[in-house]
Amino acid sequence: MSKSTKDDYVQSVCRVILYIEQNYNSDLTLDELSKIASFSKYHFHRIFKSIVGESMVDYIRRVRLQSTTLQFKTNQKITQIAMNSGYETNASFSKAFKKHFGVTPKEFAKNAKLKRGNKMLEPKIVELEDIEILYVRKTGEYQKAAQEAWEVLMPFAYEHRMKYNKNLMGDDAMMFGIGHDNPHVTEVEKLRYDACISWDDKTVKPEGEIQSKIIDGGKYAQFLHKGAYTELINTYDGVVNWIVESGVKIRDLPIIEKYLNKDPRRTKPENLRTEIYIPLV
């Protein structure tokens with residue numbers, strides 16, 4: 001297979017993955033997704049599995065179930081969570097949930113309440129505009145996936161700056177990370193991480209693993225994490241406690257991390273600064 005053909009396959013699969021993640025609570029069909037990929041439905045599911053490592057059906061199921069884990073911490077009723085996640089009945093939702101996580105939704109909800117600590121942070125409520133980004137998706141343990149994703153994205157950005165004088169990494173450039181999955185409940189090898197940079201110069205086109213999408217604007221709760229990226233998980237405990245105690249409603253969008261240090265490699269871990277954005281209704 002030529003590099004250009006492989007890149008076309010990757011681009012097509014990434015378009016479908018983005019569509020699934022934005023519409024997972026809809027009735028997604030193979031016909032619909034194949035059209036988005038511009039492939040025959042008889043071949044696309046095989047191409048998808050070859051590139052992603054799991055079938056399209058399994059991927060959709062996992063994305064739907066993963067979306068429920070934070071909802072349990074907001075005291076929503078199981079019936080509402082099932083409906084939000086695209087399941088028509090409690091029974092079908094409970095069966096799929098137990099098969100995936102090994103516990104029933106009720107048991108998971110009970111454990112989520114028991115794990116809440118006393119630490120709670122206070123955010124700043126902000127309004128964001130839509131942000132167009134270029135990104136690279138990698139899967140696996142978050143620290144490793146993040147490193148691999150940035151090792152693809154940053155050379156692309158700097159190559160276009162140095163070789164073509166395209167200003168991807170100028171003073172106004174913003175760097176984001178999006179972790180789509182809860183590491184406490186998702187298998188390590190299936191954790192999804194996107195390394196992202198703001199995309200202002202549209203003469204730079206996505207290619208290969210480099211994809212484009214939009215970070216949705218709107219109301220967000222903004223938290224500031226000070227210190228090493230490896231300690232982010234501790235800050236998230238305080239974030240979740242704030243969500244529960246404040247009773248806010250969260251939008252069905254991923255949490256966003258904005259990295260404020262231009263070159264983390266040359267910054268002491270204790271001086272790293274990360275803004276965490278929780279999408280609010």
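Located above this text is the structure these notes cover.
### Comments concerning the overall build of the protein
Piece 1. Each helix and strand in the protein was counted, giving 10 helices and eight strands.
Piece 2. Looking at the protein as a whole, 46% of its 281 residues qualify as buried.
Piece 3. Nonlocal contacts in the protein, meaning residues at least 24 apart in sequence, comprise 72% of its contacts between residues at least 6 apart.
Piece 4. Of the roughly 15500 Å² of accessible surface on the protein, a fraction of 51% belongs to carbon and sulfur atoms.

### Concerning the pattern of salt bridges
Piece 1. Within the structure shown, the criterion is met by 14 salt bridges.
Piece 2. Linking Asp 58 and Arg 61 is a salt bridge whose minimum nitrogen-to-oxygen distance equals 2.8 Å. Within this pair, Asp 58 and its partner Arg 61 are both found in helix H4 (residues 56–66), separated by three residues, close to a single helical turn.
Piece 3. According to the relative accessible area criterion, Arg 61 is partly exposed, its value standing at 32%.
Piece 4. Across the pair Asp 194 and Lys 213 runs a salt bridge, and its minimum N-O distance is 2.7 Å. A residue pair is termed long-range when its members are at least 10 positions apart, and Asp 194 in strand E4 (residues 192–198) and Lys 213 in strand E5 (residues 211–215) qualify at 19 residues.
Piece 5. Taking relative accessible area as the criterion, Lys 213 reaches 11% and is therefore assigned buried.
Piece 6. The network of salt bridges with common partners includes Glu 21, Arg 137, Asp 181, Arg 192, Asp 194 and Lys 213.

### Details of the nonpolar core
Piece 1. Counting residues in each nonpolar core, the largest one holds 22 residues, and the members touching the most others are Leu 134, Trp 150, Leu 153, Leu 168, Met 175, Tyr 193 and Ile 197.
Piece 2. Of all elements in the fold, only strand E2 (131–139), helix H9 (142–164) and E4 reach the threshold of two or more residues within this core.
Piece 3. Top element by residues in this core is H9. It accounts for nine residues.
Piece 4. Excluding residues within four positions of it along the chain, Leu 153 makes contact with Leu 134, Val 136, Ala 195, Cys 196, Ile 197 and Ile 210.
Piece 5. Ranked by size, the runner-up nonpolar core spans 15 residues in total, among them Val 16, Ile 20, Leu 33 and Ile 47.

### Section: the sheet that holds strand E1 (residues 124–128)
Piece 1. Taken in spatial order, the eight strands line up as E1-E6-E8-E7-E3-E4-E2-E5 in an open sheet, and their pairing is antiparallel. Each edge of the open sheet carries a strand with a single partner, namely E1 and E5. Adjacent strand axes in the sheet meet at a mean angle of 35°, parallel and antiparallel pairs treated alike.
Piece 2. Bridging between E2 and E4 involves seven bridges; their strand directions are antiparallel. Within E4, the residue paired with Lys 138 across the bridge is Tyr 193.

Rules used throughout
- Residues numbered from 1 in each chain as written.
- Predicted model: local features only at pLDDT ≥ 70, side-chain atom pairs only at ≥ 80, totals over all residues.
- Heavy atoms only, no water.
- Helix = DSSP H or I, 4+ residues; strand = E, 2+ residues; numbered from the N terminus.
- Buried < 20%, exposed > 50% of the residue type's maximum accessible area, 1.4 Å probe, protein only.
- Contact = heavy atoms within 4.5 Å.
- Areas by Shrake-Rupley, 256 points an atom, 1.4 Å probe, with all protein chains shown as cover.
- Salt bridge = Lys/Arg side-chain N within 4 Å of Asp/Glu carboxyl O.
- Core = buried A, V, L, I, M, F, W, Y, C linked by side-chain atoms within 4.5 Å.
- Pairing = 2+ DSSP bridges.
- Axes fitted to C-alpha atoms, helices over the stretch in contact; angles between N-to-C directions.

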